[in-house]
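A structural walkthrough
If you want the building blocks of each chain, they are given just below.
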Amino acid sequence: MTTFVLKRLASLVVLLVVLTAVMFLLQRVSKTDPIVAYLGRGATGPAAAQARHHLGFDRPLIVQYVRYVDDVAHGNLQMSLHTHHPVMDDLKTYLPPTLELLFTALGLSLIGALILGTVSAMRLPGAGLLRLVMVAGAAAPTFLLGQLGVVFFYRRLGWLPATGQTSRNGVPTGPTGFLVLDALFSGDWPLVMDAVKHLVMPAACLAIGPAVAIGRVLRSSLMSSMDADYTRTARSKGLRESAVVLRHALRNAASGPAQMTGLQVGFMFAGIVVVEQIFAWPGLGSYTVGAITNSDFPAIVGVSLVAGAVFVILNAAVDIFQAAADPRVALQ
Amino acid sequence: MSRHDVRPRASEDADEDETEVAVLPDLAALHVMATAEPEPAADVAPVVRLDDVHLTFQRAGRAVPALRGVSLELRPGEIFGLVGESGSGKSVLGMSVLGLLPAAVEVRGEVEVCGADMRTISPGQLRRLRTESLGAVFQDPMTSLNPTMRVGRQMVEACGSKQEAVRLLDAAGVPDPARRLRSYPHELSGGLRQRVMIAMAIAGKPKLVVADEPTTALDVTVQAQILSLLRNLCDELGTAFLLITHDLGVAAQISDRIGVLYGGRLAEVGPAADALERPMHPYTAGLLRSRLTLETDTFEPIRTLRGEPPIPESQPPGCPFGPRCDHRTDECEALLPPLVALTGTDDRATACLRIGAIGDLVAAEGPVAVGVASVRERPTFAGRPAALNLVGVHKHFGGGRHGLRRAAGAHVLRGIDLLVREGEAVALVGESGCGKSTLLRIVAGLAGADGGAVEVGQGARPQMVFQDAGASLTPWLTVGEQIGERLRSEGLSKLQRRARVNDALRLAGLSEDVAAAKAHQLSGGQRQRVGLARAIVVPPEILLCDEPTSALDVSLAATVLNLIGRLRREFDMAVLFVTHDLAAARLVGDRIAVMYLGRIVEDGAAADVVERPAHPYTRALLSAVPEAGVRSVPLKGEPASPHHPPGGCAFHPRCPEALPRCATDEPPFEPSPAFGRPVACWLVPGPDRPPDAAVD
Ligand SMILES: Nc1ncnc2c1ncn2[C@@H]1O[C@H](COP(=O)(O)OP(=O)(O)OP(=O)(O)O)[C@@H](O)[C@H]1O
Ligand code: SF4
Ligand code: SF4
Ligand SMILES: [Mg+2]
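Owing to the predicted nature of the structure, the values given are computational and were not obtained by experimental measurement.

Concerning the overall build of chain A
A count of helices and strands for chain A gives 14 helices and 0 strands. Put simply, chain A runs from its N terminus to its C terminus through helices and strands in the order α-α-α-α-α-α-α-α-α-α-α-α-α-α. Sorting the 332 residues of chain A into buried and exposed places 43% on the buried side. Counting only contacts in chain A whose residues sit at least 6 apart along the sequence, the fraction spanning at least 24 positions is 71%. Roughly 16800 Å² of accessible area belongs to chain A as shown, and the carbon and sulfur atoms make up 68% of that amount. The distance from the centre of the 24 positive side-chain charges to the centre of the 17 negative ones in chain A is 10 Å.

A closer look at the sheet that holds strand β3 (residues 79–84) of chain B
All names here are of chain B. Here we have 8 strands laid out as an open sheet, ordered β6-β7-β8-β3-β9-β10-β12-β11, and mixed in their pairing. The outermost strands of the open sheet, each flanked by one partner alone, are β6 (134–137) and β11 (340–341). Note: strand β10 (residues 265–271) against strand β12 (residues 349–350), 2 bridges, orientation antiparallel. For Val269, the partnering residue across the bridge sits in β12 and is Ala349. The strands that helix α8 (residues 190–201) touches are β6 and β7 (208–212); relative to β6, the one it contacts most, it runs at about 170 degrees.

Digging into the nonpolar core
Generally speaking, nonpolar side chains in soluble globular proteins are found buried as a group. Residue and element names in this part refer to chain B. Within the largest apolar cluster, 78 residues are counted, with the highest numbers of intra-cluster contacts made by Leu93, Met155, Leu208 and Leu242. In contact with Leu93, other than residues within four places in its own chain, are Leu50, Leu67, Val70, Leu82, Leu242 and Leu261. Within the second largest apolar cluster, 72 residues are counted, among which are Leu522, Val530, Ala535 and Ala606.

Here we look at the packing of aromatic side chains
Residue and element names in this part refer to chain B. Under the defined criterion, the tally for this structure stands at 9 aromatic pairs over all chains. Of the aromatic side chains, those joined through ring pairs into one cluster are Tyr262, Tyr283 and Phe321. One Lys or Arg, Arg661, reaches over the ring of Trp682 and ends 3.7 Å from the middle of that ring.

Some words on the confidence of the model for chain A
Of the residues in chain A, 94% have a pLDDT of 70 or more, and the chain-wide mean is 82. Put simply, helix α2 (residues 34–39) of chain A is where chain A has its lowest mean pLDDT, 64, and helix α10 (residues 229–236) of chain A is where it has its highest, 92.

Observations regarding the sheet that holds strand β13 (residues 386–398) of chain B
Residues and elements named next belong to chain B. Across the sheet, which stays open at both edges, the 3 strands sit in the order β16-β13-β18 with antiparallel pairing between neighbours. Looking at the sheet topology across the chains shown, the edges are occupied by β16 (409–421) and β18 (451–456). Here the strands of the sheet are splayed against their neighbours by 20 degrees on average, with no regard to which way each runs. Here 5 bridges tie β13 to β18, and the two strands are oriented antiparallel to one another. Across the sheet, Leu388 pairs through a bridge with Val456, a residue of β18. Where helix α15 (residues 436–444) meets the sheet, it contacts β13, β16 and β18, and its direction lies at approximately 120 degrees from that of β13.

Some remarks on the pattern of salt bridges
Residue and element names in this part refer to chain B. Summed over all chains, the structure comprises 38 salt bridges over all chains. Among the ionic pairs, Asp117 bridges to Arg119, the shortest N-O distance being 2.4 Å. Taking relative accessible area as the criterion, Asp117 reaches 23% and is therefore assigned partly exposed. Of the residues examined, Arg119 reaches a relative accessible area of 22% and is grouped as partly exposed. Residue Arg384 pairs with Asp572 through a salt bridge whose shortest N-O separation is 2.7 Å.

Describing the site of ligand 1
All names here are of chain B. Near ligand 1 lie 13 residues; those nearest to it are Arg59, Ser86, Gly87, Lys90 and Ser91. For ligand 1, an oxygen atom lies 2.8 Å from a polar atom in the backbone of Gly87. Val92 is positioned such that a nitrogen or oxygen atom in its backbone is 2.8 Å from an oxygen atom of ligand 1. For ligand 1, whose unbound accessible area comes to 640 Å², protein coverage reaches 67%. Among the elements that line the shell around ligand 1, the one with the most residues is helix α2 (residues 90–98), at 3 residues. Residue composition of the shell around ligand 1, grouped by class: 5 nonpolar, 5 polar and 3 charged.

Side note on the interface of chain B and chain A
Counting from both sides, the interface comprises 25 residues of chain B and, opposite them, 20 residues of chain A. Interface area for chain B against chain A, summed over the two sides, is near 2300 Å², with a carbon-plus-sulfur share of 55%. Among the residues chain B hides against chain A, the three largest losses belong to Arg127(B), Thr148(B) and Glu157(B). Together they make up 28% of the total. Run the count over chain B and chain A and you get 2 salt bridges. Its salt-bridge partner being Glu157(B), residue Arg247(A) comes within 2.7 Å of it at the nearest N-O pair. When residues in the side of chain B that touches chain A are grouped by element, the largest group, 4 residues, is from helix α5 (residues 151–159) of chain B. Taken together, the residues of the side of chain B that touches chain A break down into 12 nonpolar, 8 polar and 5 charged.

The rules behind each value
Residues numbered from 1 in each chain as written. Chains lettered and ligands numbered in written order. Predicted model: local features only at pLDDT ≥ 70, side-chain atom pairs only at ≥ 80, totals over all residues. Heavy atoms only, no water. Helix = DSSP H or I, 4+ residues; strand = E, 2+ residues; numbered from the N terminus. Buried < 20%, exposed > 50% of the residue type's maximum accessible area, 1.4 Å probe, protein only. Contact = heavy atoms within 4.5 Å. Areas by Shrake-Rupley, 256 points an atom, 1.4 Å probe, with all protein chains shown as cover. Lys, Arg positive; Asp, Glu negative; His and termini not counted. Charge placed at Lys NZ, Arg CZ, Asp CG, Glu CD. Pairing = 2+ DSSP bridges. Axes fitted to C-alpha atoms, helices over the stretch in contact; angles between N-to-C directions. Core = buried A, V, L, I, M, F, W, Y, C linked by side-chain atoms within 4.5 Å. Phe/Tyr/Trp six-rings, centres within 6.5 Å; stacked < 30°, edge-to-face > 60°. Lys NZ or Arg CZ within 6 Å of the ring centre and 35° of its normal. pLDDT = per-residue confidence, 0-100. Salt bridge = Lys/Arg side-chain N within 4 Å of Asp/Glu carboxyl O. Near = heavy atom within 4 Å. Polar contact = N/O pair within 3.5 Å; in protein donor to acceptor, adjacent residues only side chain to side chain. Nonpolar A, V, L, I, M, F, W, Y, C, P; charged D, E, K, R; others polar. Buried area = accessible area lost by both parts, 1.4 Å probe.

See below:
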């Protein structure tokens, strides 16, 4: 277990190094002159040259790179070119709301997948309808789903708010950075409700596609494990059907869906950018859009590093889960 | 005869009813008196009573009758061997006794298990019945235990407590049972897993254990261990066993009574020894004759049953065995023979319309069990050039690095010397994991050797026939195209090519129409013949066979072995035949080479090796071949893993005759003057193995 965690950490470091290298090269190869981006259009002459020297852009590429990596390693991700804050500070501000959204969506998609998968594998009544609704939902592009949600639940029914993380000002900002949890810790019930309401629609939009994808895998693996020899053995012992399913079939069916979940997390990153735009969610997605439209390379690098780290960590969690579920899977 | 619907149905199947009517001929004409099943000792209630059971599946909208009127009683404390070929319905019968049939199957007739009527039983009662009175052991112990749950927990589910689990594992012969509770199934060997299954099955001292092919997935020496375990448990606990198997030898070895199932009906029932000695049904006799034993005449083709087993969805109207029966009359084509007790015999019944005469008719065809060995010279191959010569071949697998961890490499072949001369057949015998298939793949050029020399003769490239013929055929090409592929380089016209393909098919005993078929349209036996036809369309200098019959039914396996023998003589091909079955090896091979954990331990003339085995392992293999009524003394333990071959003689942990030095020094593989063949054992004196080698 320890070696596994260490190995994954090592691979995380490798990934981050590769990412920085790629981003660094992209930045230098691209037409955008960081000095222009930094000082604004029309920056020419001695001021520009001075800034260039000051920022080190006149050094040989390799020197620039080493300095750059050194900075990154010390947590200095440079200044964002569009917010003019240190990128590190920006990440600290924008990451928690995004993670809150991501984890909620992940939770929702797992619940959805579990319901969809078991109901259709067991051929319980309503399976067909449930599947139809979910598949239709998954087939619709996220932005359409978001717009429909806003029109229906916000304009028509007025049940759910359409934008932001909360309708309040001056909300607590610690200790987790997740508004729902922070509100819980401070015992502010109305705020908890408010935050949950804001969270529901974007998280659901983000969750439906992965839910169907994971649910499908769960369905087929559950069906084959319900047919498996060891399930027959369990029945022949005289176990109750519920024990047969919960103790024997479900655990053996966990591996495929877990892998699918790891994969879906990757897709969720893409979805999050769109969803945050639609619901004006103050998270990394919106920050990224701002960074891209402003050729804000330091910010883009920062976001990429964070996204890569989250992806690697979640997939390591999936692997640990798989190994816990199936003793034949060795953590490597 | 009482008949009931388990699930009420609106309409009855019309065809079914027609056959029903046909079952009721005038029985008086058959010179019989008793009822279908002879009465057991009157005071004991049977553990299972089946009365005219019909089981019908629906497949692709068509009715597939799996059982067609089976009546049977199992007596307390007996081992009942239910024998039948693939698709005869034996597993389905076992499942119906356990109440494990899929919901979609239609059941008619009475199924009574331990006094409970399986038609009306509630889910709760069924669970109680399974917990208290029933146990089950299935074929594949790898898949039948839950891979994600520790053995202990799975045991406790069945027996309630850890102490009891330890006691049961101990009774099932699991060494160090307390420690095994913490193991996962994949950490155990195949034989140990099956012992765990058996321990679970006997939890709570059930009245009946259904064992469906409990030894089919195991090595021969382990099979012998498990069979003797089942017999002992039956004697000690008084539990009845329904032993389902395709292998008459397995059933014969430990059963009190046997029943032979054919086409979803019982052909014959009777005490095992008696029924196998004097079969009263031509099918039983045919099975017995096509079965290979260590006495089978190796100079004559095996006397096989003609034709193939019936396909359940298209059974003939009369006797199911009719199309393959040599004693058929017109009556047989119209009437479904009922299972009737034989007068004047003890406890026997047969389902043949010619019941009065059939015993004599079958006996007149010759003895069933023991072939009379013809006295004839074996051809000699000495002096002919080599078709294959292996010198000191080594092969490693895996090893190297997996991520950051060093994986233990497997040393699969550890210095193989083997010479096969032109026209000679050599059978390579060994248990799973001994490296025999790897060796074959190296000869075929499908894998490379890591050391030593592999010389293959100058003639046409070696051709391979596989165990799973279906998987070795391309599903979307016709048989003709696949056989013709090998002719591509010969620059033949289309017509010539077709003629060659047809020749090959004919030689393999197939009709020319088969050329247009695709693999899935053929039966298992036909596919194996296609594999042979493809191999001999350009006759190779050496034909490589990897357990070509182990996936086939007994009667088909025999025909394929005959075919290999014929083709080999016809084309003067050398054959390297890999098998785990010594009886088949003896039949096919001029020579037998015995392999254990990557080494050849004995190599000599087939008949001689069987009659005078020199190596303790060969002796153990011979005694593990199941024979009626013979309780073998099984070898302990299981083959070690090639990942960690034991030091010294690799066989020493299992060897009943091991000497102290066997644990440290590896015996050389060298000729023994006493046996006239090379042997690798310290007990057998050789040039570098003085007689006193045994002592130090
Ligand atoms: N679940 C099922 N659905 C449809 N047909 C089935 C099913 N189970 C069994 N059958 C059919 O019932 C017949 C008898 O099957 P069964 O499994 O009892 O054969 P068997 O004698 O055990 O053969 P084998 O030696 O191959 O195990 C076969 O034709 C089989 O295809
Ligand atoms: S009933 Fe007829 S066909 Fe069937 S086994 Fe007897 S003799 Fe042969
Ligand atoms: S060398 Fe020793 S252990 Fe090996 S087979 Fe001979 S007697 Fe047994
Ligand atoms: Mg079966």
